[in-house]
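Overview (structure and organization)
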Amino acid sequence: MSAFSYHFKRNVIIIFALLHLANYFIKSPFLFYLCCGMLTYIFISAVRVLPKVTRGICLALMLLGICIVFWIKLPFDAWLLCIDKNGNLVTLFILVPLMFLPFSYNDYQEELKHVAQVHMQSLLPFCVLTFSVVHIFGVVISIGAVNLVFELFKNNAKLYNAEKTFMATLLRGYCSSGFWSPAWASILVVTTQMSISWIEIIPWGIGFFLISLALDTIAVWFKIRQNPEKYPKLEAKEDVKVDWKQIYILIGLSAALIGIIAVMSKITPWDLMVIIPIVAIVFPVVIALLQNKVQNYKAGIKEYYDKSVLNVMSQVALFTAAGFLSKALEFSGVGAIIPKLLPVWMYQYPVLLIGSIMLLMIVPSLLGLHPVVIGTALVATIVPASIGLTDMSFALTIIVGWALAILISPFSATSLIAGGLLNCSPWDISLGLNGKFGVFNVLFFSVLIALINGLL
């Protein structure tokens, strides 16, 4: 690879992210067109070097989206909107690795390993901790929680020989934040379009989180019991000492990062997908200056430029293709048709009805249609009382179905990001790690919400 080629692609990716971020505030048509052109170039460049299966998936999604756009005869500007559908997500994914530079200034991960060796010999409490931490982070900083908790705990997962179990728990914990987090679009849709306040949702959401935590703990316990030799207990080592000062610094850094994002989200009208990349750029510089770790920061930036930037190309390609298809389907009006698929006779069977509403969001998400399209259409077109549900039980159905669609869909941001972190197909993450768990949750929560509907 020539020096020009080595730097050109990296610079295009970084410049795209910075310009796209800047245009959120500038709102320049020229910058918008330029960013769409750069994203198209990145997509084409990525497709040429992707593994065969991933390349086939990307091309299939893009070609299907293009066929839909031609079929409904969209104008040129609509094409650009389809290309830019996941532009904020692509920007976040490109820049978010910078956020974790302060966590590499000292060897905090080694101290976390020591904590596990001394205090968490079994995989089970580690998974409970992972689920709880990513849920709390997810409530505050949304999708950024996935990368953050993965970077903090990935070395611990290797100790238990349980990287995929760790990732499954991580995604389940994150998606459970969708039960009540105001950062989730599902909560915004329900609270703005129905006569339900966020305060009313909180106790139900926390209760559902605790139930999900219990279900994941049981699932991990069964997995350990079936293969005890695969997940051995860590041996307690007397010579291993935990440097609690480093742990407290790590907790302080995490709290500061989350606090800054939360405060900016509260005091500014900016989208969370914009706030996180801004913090990712500024936070490492500030921490490096405060801790006198400027050399560590420079080394981290060099590693980011040399390794991280090009590593995101496959995820950028998947984001772009999935976003293009999703926006094309949205323009086609398919979301308004789906609520009509609920037959009248189903209204007499609440469990079946609630499960079907969830599936109306989950199944299209498997084809690339984001649940925001279906969920918004369902809330806008269905009067809960007309189908035998209370407002709250209908709202909980939408919220749970939305979260499970994000968990199971191979095209959701969580699955795409997790696939990039583990360097595997998002299908292996979504349906592979969480398919059975997701189906069980549909059945379980359908029964639970039906019981709640009967009591309200």
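Attention in this report is confined to the structure presented alongside it. Since the structure is predicted, the reported quantities are computational estimates derived from the model, not experimental observations.

Thresholds, definitions, all that
- Residues numbered from 1 in each chain as written.
- Predicted model: local features only at pLDDT ≥ 70, side-chain atom pairs only at ≥ 80, totals over all residues.
- Heavy atoms only, no water.
- Helix = DSSP H or I, 4+ residues; strand = E, 2+ residues; numbered from the N terminus.
- Rg over C-alpha atoms; globule rule 2.2 N^0.38 Å.
- Buried < 20%, exposed > 50% of the residue type's maximum accessible area, 1.4 Å probe, protein only.
- Contact = heavy atoms within 4.5 Å.
- Areas by Shrake-Rupley, 256 points an atom, 1.4 Å probe, with all protein chains shown as cover.
- Lys, Arg positive; Asp, Glu negative; His and termini not counted.
- Charge placed at Lys NZ, Arg CZ, Asp CG, Glu CD.
- Core = buried A, V, L, I, M, F, W, Y, C linked by side-chain atoms within 4.5 Å.
- Patch = residues over 30% accessible without salt bridge, like charges linked within 9 Å, V, L, I, M, F, W, Y side chains within 5 Å.
- Salt bridge = Lys/Arg side-chain N within 4 Å of Asp/Glu carboxyl O.
- Phe/Tyr/Trp six-rings, centres within 6.5 Å; stacked < 30°, edge-to-face > 60°.
- Axes fitted to C-alpha atoms, helices over the stretch in contact; angles between N-to-C directions.
- Parallel < 35°, antiparallel > 145°, perpendicular 65-115°, else oblique.
- Left-handed = near helix turned anticlockwise from the far one by under 90°.
- Nonpolar A, V, L, I, M, F, W, Y, C, P; charged D, E, K, R; others polar.
- 1 Å grid on protein atoms, 1.4 Å probe; cavity = no way out; pocket = protein on both sides within 12 Å on 5 of 7 lines; lining within 4 Å.
- Points joined across faces, edges and corners; volume = space filled by probe spheres on them.

This brings us to the overall build of the protein. When helices and strands are counted, the protein shows 21 helices and zero strands. Against the compact-globule benchmark of 23 Å for 456 residues, the protein has a radius of gyration of 22 Å, which places it among compact chains. A total of 456 residues make up the protein; the buried ones form 54% of that total. Of all intrachain contacts in the protein linking residues separated by at least 6 positions in sequence, the fraction that spans at least 24 positions is 79%. Counting every atom, the protein has about 20,100 Å² of accessible surface; 67% of that belongs to carbon and sulfur. One way to put it: in the protein the 28 positive side-chain charges average out to a point 7 Å from where the 20 negative ones average out.

Core analysis: the biggest nonpolar cluster contains 161 residues, and Ile94, Leu123, Ile357, Met358, Phe394 and Ile398 have the highest contact counts within it. For this core, the element with the highest residue contribution is helix H19 (residues 391-408), accounting for 14 residues. Apart from the residues lying within four places of it in its own chain, the contact partners of Ile398 are Val190, Ile357, Met361, Leu378 and Val379.

The next thing to look at is a nonpolar patch on the surface. On the surface, Leu18, Ile281, Val282, Val286 and Leu290 cluster together into a nonpolar patch covering about 430 Å² of accessible area. For the nonpolar patch, the element with the highest residue contribution is helix H13 (residues 272-290), accounting for four residues. Mapped onto the elements, Leu18 comes out in helix H1 (residues 3-26). Look at Leu18 and you get partly exposed, because its relative accessible area is 41%.

Here we come to the packing of aromatic side chains. Under the counting rule described, the total for this entry stands at 19 aromatic pairs. Ring geometry for Phe8 against Tyr41: centres 5.7 Å apart, planes inclined by 80°, an arrangement best described as edge-to-face. Note that Phe8 is positioned in helix H1 and Tyr41 in helix H2 (residues 29-49), a separation of 33 residues in sequence. Residue classification places Phe8 among the partly exposed residues on the basis of a relative accessible area of 36%. Ring centres of Phe150 and Phe166 lie 6.0 Å apart, and the angle between their planes is 25°; on these two criteria the pair is classed as stacked. Remark: Phe166 occurs in helix H9 (residues 163-176) and Phe150 occurs in helix H8 (residues 144-159); sequence separation between them is 16 residues. When its relative accessible area of 7% is taken as the criterion, Phe150 is described as buried. You can call Phe166 buried: its relative accessible area is 2%.

All right, on to the side chain of Lys327 then. Secondary-structure assignment places Lys327 in helix H15 (residues 313-332). Here Lys327 is in contact with Leu81, Cys82 and Lys85, once residues within four sequence places are set aside.

Among all residues except glycine, the phi angle is most often negative; among peptide bonds, the trans geometry is most common. The backbone of Asn161 sits at a positive phi, close to 55°, despite the residue not being glycine. Secondary-structure assignment places Asn161 in the loop between H8 and H9. On the accessibility criterion, Asn161 (43% relative accessible area) is partly exposed.

All right, on to the packing of helix H17 (residues 350-365) against helix H18 (residues 371-381) then. Interaxial distance between H17 and H18 falls to 8 Å at its minimum, and their mutual angle equals 155°. Looking at the two axes, H17 sits roughly antiparallel to H18. At the point where H17 passes H18, the crossing takes the right-handed sense. When H17 is examined against H18, the residues Ile357, Leu360, Met361, Pro364 and Ser365 are found in contact with a partner set consisting of Pro371, Ile374, Gly375 and Leu378. Residues of the contact of H17 with H18, tallied by class, amount to seven nonpolar, two polar and no charged.

Attention shifts here to the pattern of salt bridges. Any two side chains of opposite charge can pair, so long as their charged atoms come close to each other. Taken as a whole and assessed by the stated rule, the structure comprises three salt bridges. In this structure, the salt-bridge partner of Glu151 is Lys154, at a minimum N-O distance of 3.3 Å. On the criterion of helical spacing, the pair formed by Glu151 and Lys154 is a turn pair, its members being three residues apart in helix H8. We note a salt bridge from Lys302 to Asp306, for which the minimum N-O separation is 2.8 Å. With Lys302 and Asp306 both in helix H14 (residues 294-311) and four residues apart, the pair spans about one turn of that helix. Judged by its relative accessible area of 23%, Asp306 is partly exposed.

As a further point, take the layout of surface pockets. Size it by volume and the largest pocket reaches roughly 1,400 Å³. Taken together, 50 residues form the lining of the largest pocket, with Ser142, Ala183, Ala185, Asp271 and Met273 sitting closest to its centre. Examining the composition of the lining of the largest pocket, we find that six residues originate from one element, H15, more than from any other. Across the lining of the largest pocket, the residue classes break down as 29 nonpolar, 15 polar and six charged. Its volume calculated, the second largest pocket comes out at about 1,200 Å³. Together, 42 residues line the second largest pocket, and Pro97, Glu151, Ser308, Asn311 and Leu421 are the ones closest to its centre. Secondary structure elements with two or more residues in the lining of the second largest pocket: H8, H14, H15 and helix H20 (413-422). Counting residues per element, the lining of the second largest pocket draws most heavily on H14, which supplies eight residues.

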